Amino acid sequence: MPKKVRIAVFPVAGLGTRFLPATKAMPKEMLPVVDRPLIQYAVDEAKEAGIEHFVFITGRNKGVIEDHFDRQFELESTLKARGKLEALKSLQDDLPKPGQTSFTRQQEPLGLGHAVWCARDIVGNEPFALLLPDMLIKSDPGVLSQMIDAYQKTGNNVIAVEETDPAGISSYGVVGRGTGPDTGFEITKMVEKPRPEDAPSNLIISGRYILQPEIFGLIENQPKGAGGEIQITDAMQKLMEQQKFTGVKYNGRAFDCGSKIGFLTANIVFALDRKDISHAFMEELQIVASNENT
Ligand code: UTP
């Protein structure tokens, strides 16, 4: 039986330049989809998958993420006094338990690989999950749960992948697919941002990983890669020389909420899935689509 995946790492130290000016003073990971911040969706997904400790790699202007995962006594007592008990319960349910969170700073945004490396002392010698909160994935069960199933069968490193249109493949990390079903297949190759003719498949890496702790030593010795940043994919390529990687083509749809189109689409899809607002929202969308009053 492989070691349990207890810890999840959430890198939230990026600058979010694609979302300026919204992200000038506010972290991208606090942007709301309907009424929940992106980081809350990622934490919910990790909780559902049985994660027991949540590690946030923060940076300047990110203190509000720490506040979000703390109790707000004044707010709680006001909600109680006003009889808003459902809202109060929901706030309390969203919180990890005391002692289940750790925050550490990536002092300079040197890239995703470097952000992950900042978690090395907190994670120690254990496998861990890595979730990029700006990749919001709508799926049931959550993607990390689907990946934990694959991990428990193999003990390998696990990467979530999804199909993409070959025309847009050059923006992503792409994997080569070996034998095995969608729920867990052998990864034969990993290529960062290939030309369409060089892509080993149309399966792209989509922001969810289960990694063995040996990744930390590899990141430490790694030179800067694409965009002058220390890239996690470069370290994973090295790790592939020593350990196996399993791909999970999950059931669900990912929204890159670091991009405007992904974020706006996610808001529509998640709002239409909410019983309390979907009907009224659909009526508004129909008015917009028919160009009346807009
Ligand atoms: P992105 O690749 O989306 O980069 O990061 P970014 O800097 O946040 O945004 P843009 O491209 O400038 O608009 C993916 C995830 O990795 C984190 C981000 O916070 C995000 O959750 N990240 C990225 C770090 O924590 N540190 C880094 O140095 C880079």
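Higher on the page you've got the structure.
Cut-off values and rules
- Residues numbered from 1 in each chain as written.
- Predicted model: local features only at pLDDT ≥ 70, side-chain atom pairs only at ≥ 80, totals over all residues.
- Heavy atoms only, no water.
- Buried < 20%, exposed > 50% of the residue type's maximum accessible area, 1.4 Å probe, protein only.
- Helix = DSSP H or I, 4+ residues; strand = E, 2+ residues; numbered from the N terminus.
- Arc of directions from axis to C-beta.
- Near = heavy atom within 4 Å.
- Polar contact = N/O pair within 3.5 Å; in protein donor to acceptor, adjacent residues only side chain to side chain.
- Areas by Shrake-Rupley, 256 points an atom, 1.4 Å probe, with all protein chains shown as cover.
- Contact = heavy atoms within 4.5 Å.
- Patch = residues over 30% accessible without salt bridge, like charges linked within 9 Å, V, L, I, M, F, W, Y side chains within 5 Å.
- Salt bridge = Lys/Arg side-chain N within 4 Å of Asp/Glu carboxyl O.
- Expected span 1.5 Å × (residues − 1).
- Phe/Tyr/Trp six-rings, centres within 6.5 Å; stacked < 30°, edge-to-face > 60°.
- Core = buried A, V, L, I, M, F, W, Y, C linked by side-chain atoms within 4.5 Å.
- Pairing = 2+ DSSP bridges.

### Points about helix H9 (residues 232–239)
Next, step 1: Within the sequence span of H9, burial applies to Ile232, Thr233, Ala235, Met236 and Leu239. The arc that holds every buried residue of H9, seen down its axis, measures 160°, which confines them to one face.

### Observations regarding the site of the ligand
Next, step 1: Taken together, 18 residues surround the ligand, and among them Thr17, Arg18, Glu29, Gln106 and Gly111 come closest.
Next, step 2: Within the backbone of leucine 15, one N or O atom sits 3.1 Å away from an oxygen atom of the ligand.
Next, step 3: Residue threonine 17 places a side-chain N or O atom 2.5 Å away from an oxygen atom belonging to the ligand.
Next, step 4: Coverage of the ligand by the protein chains reaches 84% of its 570 Å² of free accessible surface.

### Some points on the side chain of serine 201
Next, step 1: Of note, serine 201 is situated in the loop between strand S10 (185–192) and strand S11 (203–211).
Next, step 2: Residue serine 201 is classed as buried on the basis of its relative accessible area of 19%.
Next, step 3: Polar side-chain contacts of serine 201 include one of 2.9 Å to the backbone nitrogen of leucine 203.
Next, step 4: With residues near it in sequence (within four places) discarded, serine 201 still touches Ile169, Val174 and Val175.

### What to know about a nonpolar patch on the surface
Next, step 1: On the surface, Ile268, Leu272 and Met282 cluster together into a nonpolar patch covering about 210 Å² of accessible area.
Next, step 2: Checked against the element boundaries, leucine 272 lands in helix H10 (residues 260–272).

### With respect to helix H11 (residues 278–289)
Next, step 1: Spanning twelve residues, H11 covers 16 Å between terminal C-alpha atoms, matching the ideal 16 Å at 1.5 Å per step.
Next, step 2: A positive phi of about 65° marks asparagine 291, the residue just after H11.

### Focus: the packing of aromatic side chains
Next, step 1: One pass over the structure, following the stated rule, counts eight aromatic pairs.
Next, step 2: Centroid distance tyrosine 41 to phenylalanine 270: 5.3 Å. Interplanar angle 80°. Geometry classified as edge-to-face. In this pair, tyrosine 41 is assigned in helix H1 (residues 38–48) and phenylalanine 270 in helix H10, connecting sequence segments 229 residues apart.
Next, step 3: By relative accessible area, which is 12% here, phenylalanine 270 ends up buried.

### Quick look at the pattern of salt bridges
Next, step 1: A complete count under the given rule lists 19 salt bridges for this structure.
Next, step 2: Across the salt bridge formed by aspartate 44 and arginine 36, the nearest N and O atoms sit 2.7 Å from each other.
Next, step 3: Put simply, arginine 208 and glutamate 45 hold a salt bridge, and the shortest N to O gap is 2.9 Å. Of this pair, arginine 208 sits in strand S11 while glutamate 45 sits in helix H1, and the two are 163 residues apart along the sequence.
Next, step 4: One network of salt bridges, in which partners are shared, links Lys4, Arg6, Glu52 and Glu126.

### Quick notes on the nonpolar core
Next, step 1: With 33 residues, the main nonpolar core has Phe128, Ile215 and Met236 as its most contacted residues.
Next, step 2: Not counting the four nearest positions on each side in its chain, phenylalanine 128 is found in contact with Val5, Ile7, Val9, Val116, Val123, Tyr209, Ile210, Leu211, Gln212, Ile215 and Phe216.
Next, step 3: With 31 residues, the next largest nonpolar core counts Phe56, Met147, Ile148 and Ala254 among its residues.

### So, unusual backbone geometry
Next, step 1: Of the consecutive residues leucine 20 and proline 21, the connecting peptide bond is found in the cis state with omega at 5°.
Next, step 2: Along the chain, proline 21 falls in the loop between strand S1 (7–11) and strand S2 (32–33).
Next, step 3: Proline 141 follows aspartate 140 through a cis peptide bond whose omega is 0°.
Next, step 4: Checked against the element boundaries, proline 141 lands in the loop between strand S7 (135–138) and helix H7 (143–154).
Next, step 5: In the Ramachandran plot, valine 34 falls in the positive-phi region, its phi being about 60° despite a non-glycine side chain.
Next, step 6: Structurally, valine 34 is set in the loop between S2 and strand S3 (36–37).
Next, step 7: With a phi angle near 45°, lysine 193 is a residue other than glycine that sits in the positive phi range.
Next, step 8: Its place among the elements puts lysine 193 in the loop between S10 and S11.

### Some points on the environment of threonine 246
Next, step 1: Position of threonine 246 relative to the elements: it lies in strand S12 (residues 245–249).
Next, step 2: We classify threonine 246 as buried; its relative accessible area is 5%.
Next, step 3: For the pair threonine 246 and threonine 101, spaced 145 residues apart in the sequence, the C-alpha separation amounts to 28 Å.
Next, step 4: Setting aside residues up to four positions removed in sequence, threonine 246 forms contacts with Ala150, Thr154, Asn156, Asn157, Val158, Ile159, Gly184, Phe185 and Ile187.

### Notes on the pairing of strand S8 (residues 157–163)
Next, step 1: With respect to burial, S8 is a largely interior element, six of its seven residues being buried.
Next, step 2: Inspection of the sheet shows S8 paired to S12 by five bridges, in the parallel sense. When the bridges of S12 are listed, alanine 160 appears paired with valine 248.
Next, step 3: As paired strands, S8 and S11 are joined by five bridges and run antiparallel to one another. Pairing of isoleucine 159 across the sheet is with tyrosine 209, part of S11.

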